Amino acid sequence: MSDLLQGEVRALNKRGINEATCRKFGYRVATFNGQTVQVADYWDPEGKAVVAQKVRFANKDFRVLGDIKQAGLFGQHLWRDRGKMIVVTEGEIDALTVSQLQDNKWPVVSIPNGAQGAKKTLSKHLDWLLGFDTIVLFFDNDEPGRKAVEECASLFPPGRCKVARMASFKDPNEALQANKGGEVIDAIWGAKAYRPDGIVSGSDLWDSLINDDELVETVPYPWDGLNEITRGLRKRELVTVTAGSGIGKSAIVREIGHHLIRDGETLGMLMLEESTKRTAKGLMGIALNKPIHLDLTPWSELSDEEREARRAAYEATVGSGRLFLYDHFGSTEIENLLNRVRYLVKGCGCGWIILDHLSIVVSGLDDGDERKAIDVAMTKLRTLIQETGCGMIMVSHLKRPEGRGHEEGAKTSLAQLRGSHAIAQLSDIVLGAERDQQGENPNITLIRVLKNRFTGQTGPACYLKYDPETGRLSETHPALDEREQDDGEDEF
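Residues numbered from 1 in each chain as written. Predicted model: local features only at pLDDT ≥ 70, side-chain atom pairs only at ≥ 80, totals over all residues. Heavy atoms only, no water.

Attention now moves to the overall build of the protein chain. Tallying secondary structure elements over the protein chain gives 17 helices and 20 strands in all. Computed over its C-alpha atoms, the radius of gyration of the protein chain comes to 33 Å, more than 25% above the 23 Å expected for a compact globule of 492 residues. Taken along its principal axes, the extent of the C-alpha atoms in the protein chain is 115 × 50 × 50 Å. Looking at the protein chain residue by residue over its 492 residues, the buried ones come to 49%. The long-range share in the protein chain, meaning contacts at least 24 apart out of those at least 6 apart in sequence, stands at 64%. Put simply, the protein chain shows about 25,200 Å² of open surface, and 47% of that area lies on carbon and sulfur atoms. Of the side-chain charges in the protein chain, 62 are positive and 74 negative, and the distance between the mean point of each set is 9 Å. (Helix = DSSP H or I, 4+ residues; strand = E, 2+ residues; numbered from the N terminus. Rg over C-alpha atoms; globule rule 2.2 N^0.38 Å. Buried < 20%, exposed > 50% of the residue type's maximum accessible area, 1.4 Å probe, protein only. Contact = heavy atoms within 4.5 Å. Areas by Shrake-Rupley, 256 points an atom, 1.4 Å probe, with all protein chains shown as cover. Lys, Arg positive; Asp, Glu negative; His and termini not counted. Charge placed at Lys NZ, Arg CZ, Asp CG, Glu CD.)

Here is the structure:
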């Protein structure tokens, strides 16, 4: 083509590319519009003629002459249609580098339009590439390059595509300029077969299995019986607390939240049925062993001693710097909540999240399909927990059972979780709280483990007694309380 540049073949000294390599690929230096440029010839796929040129300016801008759509891969015309292995790079300079480091004997090509156009280009020449037993993708070690690998690797049959990477350098030529060409060769011949994200070979797991840094860390619950069955709380797990209406689910998660803060953990609380002020007073009351949310005495009328005590309780809990609350005035739709949870974890450093409760998140949806809404919400919450690495304690409601209701002490079960099986399926731990509000022991709550993915052990875990004087839930046993009551009556 008469409008293509001729130029001169010479070494690219700054790049470390010798003249022999440039001559093999027809890579030249020329003058274009008064500027010195580098010229890469692109031949047609049959190798009959040059149909396009890629002109590289000193400022790294590019211009294409001819019809690049009719061209093959850069360097394609140099190699036979079949072979053991071919390396595909992201640019011409990297192709020259890889070829030179292998004495210009092993097939290597590059794509014309960079990482963004890689998949489209390789798709066009897929039949030719599949003539080689192994296709090694050696793209730049940056975000566009890694994304291009994910897109392009899916074009090839499993096992045929390998991925070459270097930890210390962005691309092969950068390594060559640093006199580390050996790392390029090691990356090519040590390239690993491509696997999609999430697929791990068991043969690669030994180091992680013996790495003590990756042991599962647990934080205990406030109650020994629950710890015995569940072995405590763990990050990346979803714990669902469920019970009938008015049983005390919020009180249970507040006790757990206070326990986490006291143990030095950073906590985010999304208490959707109460104000941030109510949550704060609840936590302070636990620290004081006094339900201060029930005390309507104005601050100005409190004694100095009481003021100091409340201030100390505040500093130990709400004002510790380890608690973040969600003021939910406004939208509680799932996407909004997900964004808040992500910010609490990533922006505020919260390792634990309490969400009270799931049902209110989906109750106001326009389509009215609660089951579908809970499925979607649970899937997104489960994904977010894995993404952020936090631990979540979530409250969910139960459906009313037939016969005796939960407020009368009816036994809880996974089948009674409201709206969807997704809650049971995607939770790691499910805790049911049972209390007979009108029975002989209306302040005694049984905590039943309904699901336990960690140990598999389920069943009754502990009894919690609510003390109206302190506002606290403490571990107890109904039989012990009855014996103490009988002893007291005998004395009189």
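Here the narrative resumes, following the displayed structure.
The nine strands lie next to each other as β14-β13-β15-β16-β12-β17-β18-β19-β20, forming an open sheet whose pairing is mixed. The two strands at the open ends of the sheet, each matched to only one other strand, are β14 (323–325) and β20 (472–476). Across this sheet, the average inter-strand angle for adjacent strands is 25 degrees, counted without regard to direction. Direction of pairing for strand β12 (residues 238–243) relative to strand β17 (residues 429–434): parallel, over a ladder of five bridges. In the strand pairing of β17, T242 is matched with G432. (Pairing = 2+ DSSP bridges. Axes fitted to C-alpha atoms, helices over the stretch in contact; angles between N-to-C directions.)

What follows covers the side chain of T445. Following the sequence through the fold, T445 ends up in strand β18 (residues 444–452). Residue classification places T445 among the buried residues on the basis of a relative accessible area of 4%. Not counting residues within four places of it along the chain, the set of residues in contact with T445 comprises I247, A433, E434, R435, C462, Y463 and L464.

Turning next to helix α13 (residues 334–346). For α13, which comprises 13 residues, the first-to-last C-alpha distance of 18 Å matches the rise-based estimate of 18 Å (1.5 Å per residue) to within 8%. Taken together, the buried positions of α13 are I334, N336, L337, L338, V341, L344 and V345. (Expected span 1.5 Å × (residues − 1).)

Moving on to the sheet that holds strand β8 (residues 161–163). The five strands are arranged β6-β5-β7-β8-β9 in an open sheet whose pairing can be described as mixed. Lying at the two open borders of the sheet, with one neighbouring strand each, are β6 (108–110) and β9 (192–193). Inspection of the sheet shows β8 paired to β9 by two bridges, in the antiparallel sense. Across the sheet, the residue bridging to V163 is K192, located in β9. Those strands touched by helix α2 (residues 92–101) are β5 (83–89), β6 and β7 (132–138), and its axis lies near 170 degrees from that of β6.

When strand β19 (residues 459–467) meets β20, the two strands line up antiparallel, connected through five bridges. When the sheet's bridge partners are listed, D467 is paired in β20 with R472. Remark: four residues form the turn of the hairpin made by β19 and β20, two consecutive strands paired antiparallel; G471 in that turn has positive phi of roughly 75 degrees.

This part takes up the environment of A193. Here A193 shows up in strand β9. Here the alpha-carbon distance between A193 and C161, two residues 32 residues apart in the chain, equals 5.9 Å.

With that out of the way, let us pick up the packing of aromatic side chains. Aromatic rings considered in pairs are described by the distance between their centres and by the relative angle of their planes. Summed over the entire model, instances satisfying the criterion amount to six aromatic pairs. Residues F25 and F74 carry aromatic rings whose centres are separated by 5.6 Å and whose planes lie at 25 degrees to one another, so their mutual orientation is stacked. On the criterion of sequence distance, the pair formed by F25 in helix α1 (residues 19–25) and F74 in the loop between β4 (62–66) and β5 is long-range, its members being 49 residues apart. For the pair shown, F25 and F74 are each scored as buried. Ring centres 6.4 Å apart and planes at 65 degrees place the aromatic pair F25 and W79 in the edge-to-face group. Of the two residues, F25 is situated in helix α1 and W79 in the loop between β4 and β5; the sequence distance between them amounts to 54 residues. For the pair F25 and W79, one class covers both residues: buried. Ring-pair connections join several aromatic residues into one group, and the members of that group are F25, Y42, F74 and W79. Lying over the aromatic face of F62, K54 brings its terminal NZ or CZ to 4.6 Å of the ring centre. Across the ring face of F454, the terminal group of R234 is positioned such that the distance to the ring centre comes to 3.6 Å. (Phe/Tyr/Trp six-rings, centres within 6.5 Å; stacked < 30°, edge-to-face > 60°. Lys NZ or Arg CZ within 6 Å of the ring centre and 35° of its normal.)

A word on unusual backbone geometry. A positive phi angle is found at N179, which is not glycine, with a value near 60 degrees. Along the chain, N179 falls in the loop between α6 (172–177) and α7 (181–189). Given the relative accessible area of 71%, N179 is considered exposed. Of note in this structure, R236 is not a glycine but carries a positive phi near 70 degrees. For R236, the position within the fold is in the loop between β11 (233–234) and β12.

Here the focus is the nonpolar core. In this structure, V88, L122, L137, F138 and F139 are the most contacted members of the largest nonpolar core, which totals 56 residues. Counting residues per element, this core draws most heavily on β7, which supplies five residues. Ignoring anything within four residues of it in the chain, the contact list for L137 reads V88, L122, V149, C152, A153, C161, K162, V163 and A164. Counting 38 residues, the second largest nonpolar core, distinct from the first, contains L226, V241, L260 and I447. (Core = buried A, V, L, I, M, F, W, Y, C linked by side-chain atoms within 4.5 Å.)

Turning our attention to the confidence of the model for the protein chain. Looking at the protein chain as a whole, its pLDDT mean stands at 88, while 92% of the residues score no less than 70. Within the protein chain, the lowest mean pLDDT, 43, falls on helix α17 (residues 478–491), and the highest, 97, falls on β6. (pLDDT = per-residue confidence, 0-100.)

In this structure the tally under the stated criterion is 21 salt bridges. R28 is paired through a salt bridge with D41; the nearest N and O atoms lie 2.7 Å apart. Here R28, found in strand β1 (residues 28–32), pairs with D41, found in strand β2 (residues 35–43); they are 13 residues apart in sequence, far enough to count as distant. In this pair, the class of R28 matches that of D41, namely buried. Here E434 and R448 are joined by a salt bridge, their closest N and O atoms 2.6 Å apart. (Salt bridge = Lys/Arg side-chain N within 4 Å of Asp/Glu carboxyl O.)

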